[in-house]
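Understanding the architecture of this molecule
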Amino acid sequence: MKKTIVLLAMILTSYCGMSQTRDLTGGAGIPFGVPFDSIKVYMHDKHPDAKFYDYSSRGINFMDGKFAGYKVLLWMFQATKQTGVHTIMICFDVEESNVYEAFDAVSAMLDEKYGSHENIERYDYPYTKQDKGKFDESMYRLGKAHMNNYWKFNGSDPSMPDKHNYINVTITKNFNVQVTYQDGPRVSKASDMEKSKNIKDL
């Protein structure tokens, strides 16, 4: 999971192709910056069908419930005591035969709400785009296919103008659809604090 978040942050930081005039203050009805201890309260209020699953080293996870018309497999909240919630990931429970349809449908709903997205689609050797529709599950499970739609927003901290907020819809390695809401400045602060702690450990 740590590698996934770091990779996502790297891709988002390098992505500069969209207007920066929009604001994103949270996702799934959960504001960025919500204190770690309040996440359960917000989830009970906004998504009462979701059930607490467990705590992770970086946050708290829930399962079940529905979001945007789809059954949810897992809700993942990344947070620190200093920054509150900075990343919200929602993995849908979609039949393998409907993955592309769900990816497009969720993206279309986000387009309607936030405006048009940018797409990053990449295939690693030995696969190419021509293999799409032939070896889909294998390509994704091997980490050889990458399908992402992005929406870029103003960052939450004016003192960090190079850090932006994002929404990302992706097809995961488990060949499922996941939507991620991320507060760039809070992610950066959380990363800096973790790095500082690790240096002190040495």
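Each value, and the rule that gives it
- Residues numbered from 1 in each chain as written.
- Predicted model: local features only at pLDDT ≥ 70, side-chain atom pairs only at ≥ 80, totals over all residues.
- Heavy atoms only, no water.
- Helix = DSSP H or I, 4+ residues; strand = E, 2+ residues; numbered from the N terminus.
- Buried < 20%, exposed > 50% of the residue type's maximum accessible area, 1.4 Å probe, protein only.
- Salt bridge = Lys/Arg side-chain N within 4 Å of Asp/Glu carboxyl O.
- Pairing = 2+ DSSP bridges.
- Core = buried A, V, L, I, M, F, W, Y, C linked by side-chain atoms within 4.5 Å.
- Contact = heavy atoms within 4.5 Å.
- pLDDT = per-residue confidence, 0-100.

Of note, the bond from Y125 into P126 is cis; its omega dihedral lies within 30 degrees of zero at 10 degrees. One non-glycine residue with positive phi stands out, namely A28, at about 60 degrees. By the secondary structure assignment, A28 is in the loop between β1 (26-27) and β2 (30-31). For A28, a relative accessible area of 11% translates into the label buried. Here F175, not a glycine, exhibits a phi torsion of approximately 55 degrees, which is positive.

We now examine the pattern of salt bridges. Taken as a whole and assessed by the stated rule, the structure comprises 11 salt bridges. K129 is paired through a salt bridge with E121; the nearest N and O atoms lie 3.9 Å apart. Classification of E121 as partly exposed rests on a relative accessible area of 26%. The closest approach of N and O atoms between E137 and R141, which form a salt bridge, is 2.7 Å. Placement of both E137 and R141 in helix α4 (residues 136-141) is noted, with a separation of 4 residues, approximately one turn of the helix. Exposure remark for E137: the relative accessible area of 32% places this residue in the partly exposed category. Taken together, the shared-partner salt bridges connect E96, E137 and R141 into one network.

Within the element layout of this structure, E95 appears in the loop between β7 (84-92) and α3 (99-114). Since its relative accessible area comes to 56%, E95 is described here as exposed. Counting along the chain gives 82 residues from E95 to V177, while the straight-line C-alpha distance between them is 10.0 Å.

Let us now look at the pairing of strand β10 (residues 165-171). Most of β10 is tucked away, with 7 of its 7 residues classed as buried. By the alternation rule, side chains of β10 split into N165, I167, V169 and I171 and Y166, N168 and T170, which are all buried. Relative to strand β11 (residues 177-183), β10 is paired through 7 bridges, and the arrangement is antiparallel. Bridging from a neighbouring strand, I167 pairs with Y181 of β11.

Moving on to the pairing of strand β3 (residues 51-56). Direction of pairing for β3 relative to strand β4 (residues 59-63): antiparallel, over a ladder of 5 bridges. Its bridge partner being in β4, K51 is matched across the sheet by M63. Taking the residues that link successive antiparallel strands as the turn, the β3-β4 hairpin has 2 residues.

Moving on, we come to the nonpolar core. If you look at soluble globular proteins, the nonpolar side chains tend to sit buried side by side. Ranked by internal contacts, the top residues of the largest apolar core, which has 41 residues, are W75, F77, I90 and Y181. With 6 residues, α3 is the largest single contributor of residues to this core. Setting aside residues up to four positions removed in sequence, I90 forms contacts with A28, F67, V72, L74, W75, V177, Q178, V179 and Y181.

In this fold, T172 is placed in the loop between β10 and β11. The spatial distance from the C-alpha of T172 to the C-alpha of G143 is 8.6 Å, given a sequence separation of 29 residues. With near-sequence residues (within four places) excluded, T172 lies in contact with Y140 and Q178.

Take the confidence of the model for the protein next. Mean pLDDT for the protein: 89, with 90% of residues reaching 70 or above. Scored below 50 in pLDDT, residues 2-7 makes 6 contacts in the model with residues more than four places away or belonging to other chains. Below a pLDDT of 50 lies the segment residues 10-20, which in the model reaches 22 contacts outside its immediate sequence neighbourhood of four places, other chains included.

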